[in-house]
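Fold and contact review
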Amino acid sequence: MLNRREFLKWSLAGGVALVSPVSWARSASPAERRLKFYNTHTGEQLATTYWADGQYLAGELAAIDRLLRDHRSGDVFAVDRRLFDILYALQQRTGARGTYEVISGYRSPATNDLLRRHGDGVARDSLHTHGQAID
């Protein structure tokens, strides 16, 4: 039985395999990468093209970072762009076109410590505090 940390590690490894250069090379690279998010805590929604013509779009990435902010503190953090590529690749592989419902995006270290003190299942050095996880 895998614990949450092991599950996340193996899920991330699988996601990285989905977006590896070999994976992208098998099919024509799309001209655009789009994602839709709904933040369950703030009620905010975002449908965005975060990548186009071979590059990330700074304004769209900033909008995603804002939506994925720590809803407790309001802290905004530059989420790892590879995470968006993993989410995009998952949609492509599964044929899903829906909205990602976000329960937890970026978590400030202070919020993470608070959650660790008042519950279980929160890692001391959570990937959320590094902008590398979305629940």
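Residues numbered from 1 in each chain as written. Predicted model: local features only at pLDDT ≥ 70, side-chain atom pairs only at ≥ 80, totals over all residues. Heavy atoms only, no water.

1. Things to note about helix α4 (residues 81–94)
With 14 residues, α4 ought to run about 20 Å at 1.5 Å a step, and its terminal C-alpha atoms sit 20 Å apart, in line with that. For α4, every residue scored as buried is listed here: Leu83, Phe84, Asp85, Ile86, Leu87, Tyr88, Ala89 and Gln91. Just beyond α4, the residue with positive phi is glycine 95, at close to 80°. (Helix = DSSP H or I, 4+ residues; strand = E, 2+ residues; numbered from the N terminus. Expected span 1.5 Å × (residues − 1). Buried < 20%, exposed > 50% of the residue type's maximum accessible area, 1.4 Å probe, protein only.)

2. A look at the sheet that holds strand β2 (residues 45–52)
Ordered in space as β3-β2-β1-β4, the four strands form an open sheet in which the pairing is mixed. Two strands in the sheet have a free side with no partner beyond their single neighbour: β3 (55–56) and β4 (100–102). Together, β1 (32–39), β2 and β3 form the strand contacts of helix α3 (residues 58–67), whose direction differs from that of β2 by roughly 145°. Sheet contacts for α4: β1, β2, β3 and β4; angle to β1, the most-contacted strand, approximately 100°. (Pairing = 2+ DSSP bridges. Contact = heavy atoms within 4.5 Å. Axes fitted to C-alpha atoms, helices over the stretch in contact; angles between N-to-C directions.)

3. Focus: the side chain of threonine 129
Considering the arrangement of structural elements, one finds threonine 129 in the segment after α5 (109–117). Here serine 126 takes part through its backbone oxygen, which lies 2.7 Å from a polar atom of the side chain of threonine 129. Among residues more than four places away in sequence, those in contact with threonine 129 are Phe77, Tyr106, Arg107, Ser108, Pro109 and Asn112. (Polar contact = N/O pair within 3.5 Å; in protein donor to acceptor, adjacent residues only side chain to side chain.)

4. Examining empty space enclosed by the protein
Unfilled space is identified by rolling a water-sized probe across the atoms. What the rule picks out here adds up to one cavity of 30 Å³ or more. Computed from the structure, the largest cavity encloses a volume of approximately 90 Å³. Class assignment for the residues of the lining of the largest cavity results in five nonpolar, six polar and four charged. (1 Å grid on protein atoms, 1.4 Å probe; cavity = no way out; pocket = protein on both sides within 12 Å on 5 of 7 lines; lining within 4 Å. Points joined across faces, edges and corners; volume = space filled by probe spheres on them. Nonpolar A, V, L, I, M, F, W, Y, C, P; charged D, E, K, R; others polar.)

5. Section: α3
Considered for burial, the residues of α3 that qualify are Leu61, Ile64, Asp65 and Leu67. Down the axis, α3 shows its buried residues gathered within 160° of arc, on one side only. Summarising the geometry of α3, the exposed residues directed more than 90 degrees from the buried face are Ala58 and Gly59. (Arc of directions from axis to C-beta.)

6. Concerning the pairing of β1
The alternating pattern of β1 places Arg33, Leu35, Phe37 and Asn39 on a buried face and Glu32, Arg34, Lys36 and Tyr38 on a face that is not buried. Pairing of β1 with β2 involves seven bridges; the strand directions are antiparallel. Its bridge partner lying in β2, arginine 34 is registered against threonine 49. Relative to β4, β1 runs parallel, the two sharing three bridges. By the bridge assignment for β4, asparagine 39 is matched with valine 102.

7. A look at the environment of alanine 110
Along the chain, alanine 110 falls in helix α5. As a C-alpha pair, alanine 110 and serine 73 span 37 residues in sequence and 8.7 Å in three-dimensional space.

This is a description of form; function is not addressed.
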